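Listed here are the chains, written in short residue letters.
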Amino acid sequence: MELTSTLSEVSSTDQVNSFLHVKTCDASTNDNDNDKNMKSSRESTPDRIKRLKQDMLKIRKDQKSIRKSQRQARKKLGFINKDLAFIKSEAEEVARLSERIQQRLNLIFMILEARKNNDNVKANILVGSLRLLLSSTTNSSTKY
């Protein structure tokens, strides 16, 4: 189909003959190349085996290198996870201490508000609560 459509584009007989000659030469060249490849592949079997062995050796070295890199990455990941756990526990401790500080500040502001309103009974109760909160904080084991 391709040959007929191409031939219809060619106008003269000489052009047709030269076109057919080129197509025939191309086909025979491809056959010759295939024969050469097959002969060269038969002739170079020991060379191909050497090349394959070298390739396999290189692949083995690459795999060892990859395994070594993976071990190092896992080791670093272990250190990172340990650091993460430490930082997480520190953040929880800071949040816990922040909550206690907020409770103390709330009591102090409530005491100030009660004194401002001359409500001494309420102020004394809140001062007692603050003292209790402070004593429980100093008795508990904190890092700070």
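This text follows the structure it describes.
Residues numbered from 1 in each chain as written. Predicted model: local features only at pLDDT ≥ 70, side-chain atom pairs only at ≥ 80, totals over all residues. Heavy atoms only, no water.

**Student:** Honestly, the overall build of the chain in this entry has me stumped. Any pointers?
**Tutor:** Tallying secondary structure elements over the chain gives 4 helices and 0 strands in all. Secondary structure elements of the chain occur, N-terminal to C-terminal, as α-α-α-α. Taken over 144 residues, the chain has a buried fraction of 10%. Residue pairs in contact within the chain that sit at least 24 positions apart in sequence constitute 46% of those at least 6 positions apart. Total accessible area computed for the chain in this model is approximately 12400 Å², and 57% of it derives from carbon and sulfur atoms. (Helix = DSSP H or I, 4+ residues; strand = E, 2+ residues; numbered from the N terminus. Buried < 20%, exposed > 50% of the residue type's maximum accessible area, 1.4 Å probe, protein only. Contact = heavy atoms within 4.5 Å. Areas by Shrake-Rupley, 256 points an atom, 1.4 Å probe, with all protein chains shown as cover.)

**Student:** I keep staring at the nonpolar core and nothing clicks. Help me out?
**Tutor:** Soluble globular proteins tend to pack their nonpolar side chains together in the buried interior. Among the nonpolar cores identified, the biggest contains 6 residues, and these are Leu-107, Ile-111, Leu-126, Val-127, Leu-130 and Leu-133. Those elements that place two or more of their residues in this core are helix H3 (45–116) and helix H4 (120–139). It is H4 that provides the largest number of residues to this core, a total of 4 residues. Beyond its immediate chain neighbours, meaning those up to four positions away, Leu-130 contacts Arg-104, Leu-107, Ile-108 and Ile-111. (Core = buried A, V, L, I, M, F, W, Y, C linked by side-chain atoms within 4.5 Å.)

**Student:** How should a positive patch on the surface be read in this particular structure?
**Tutor:** Taken together, the side chains of Arg-60, Lys-61, Lys-64, Arg-67, Lys-68, Arg-71 and Arg-74 make up a positively charged region of the molecular surface. Here Lys-64 lies in helix H3. (Patch = residues over 30% accessible without salt bridge, like charges linked within 9 Å, V, L, I, M, F, W, Y side chains within 5 Å. Salt bridge = Lys/Arg side-chain N within 4 Å of Asp/Glu carboxyl O. Lys, Arg positive; Asp, Glu negative; His and termini not counted. Charge placed at Lys NZ, Arg CZ, Asp CG, Glu CD.)

**Student:** What exactly am I supposed to notice about a nonpolar patch on the surface here?
**Tutor:** On the surface, Ile-101, Leu-105, Ile-108, Phe-109 and Leu-112 cluster together to form a nonpolar patch covering roughly 450 Å² of accessible area. Looking at the element boundaries, Ile-108 is found in helix H3.

**Student:** Where do I start with H3 in this structure?
**Tutor:** The α-helix winds at 3.6 residues per turn, so residues separated by three or four positions along the chain end up facing the same way. With 72 residues, H3 extends 102 Å between its outermost C-alpha atoms, agreeing within 8% with the 106 Å of an ideal straight helix rising 1.5 Å per residue. Along H3, the residues classified as buried are Glu-90, Glu-93, Leu-97, Leu-107, Ile-111 and Ala-114. A positive phi of about 55° marks Asn-118, the residue just after H3. (Expected span 1.5 Å × (residues − 1).)

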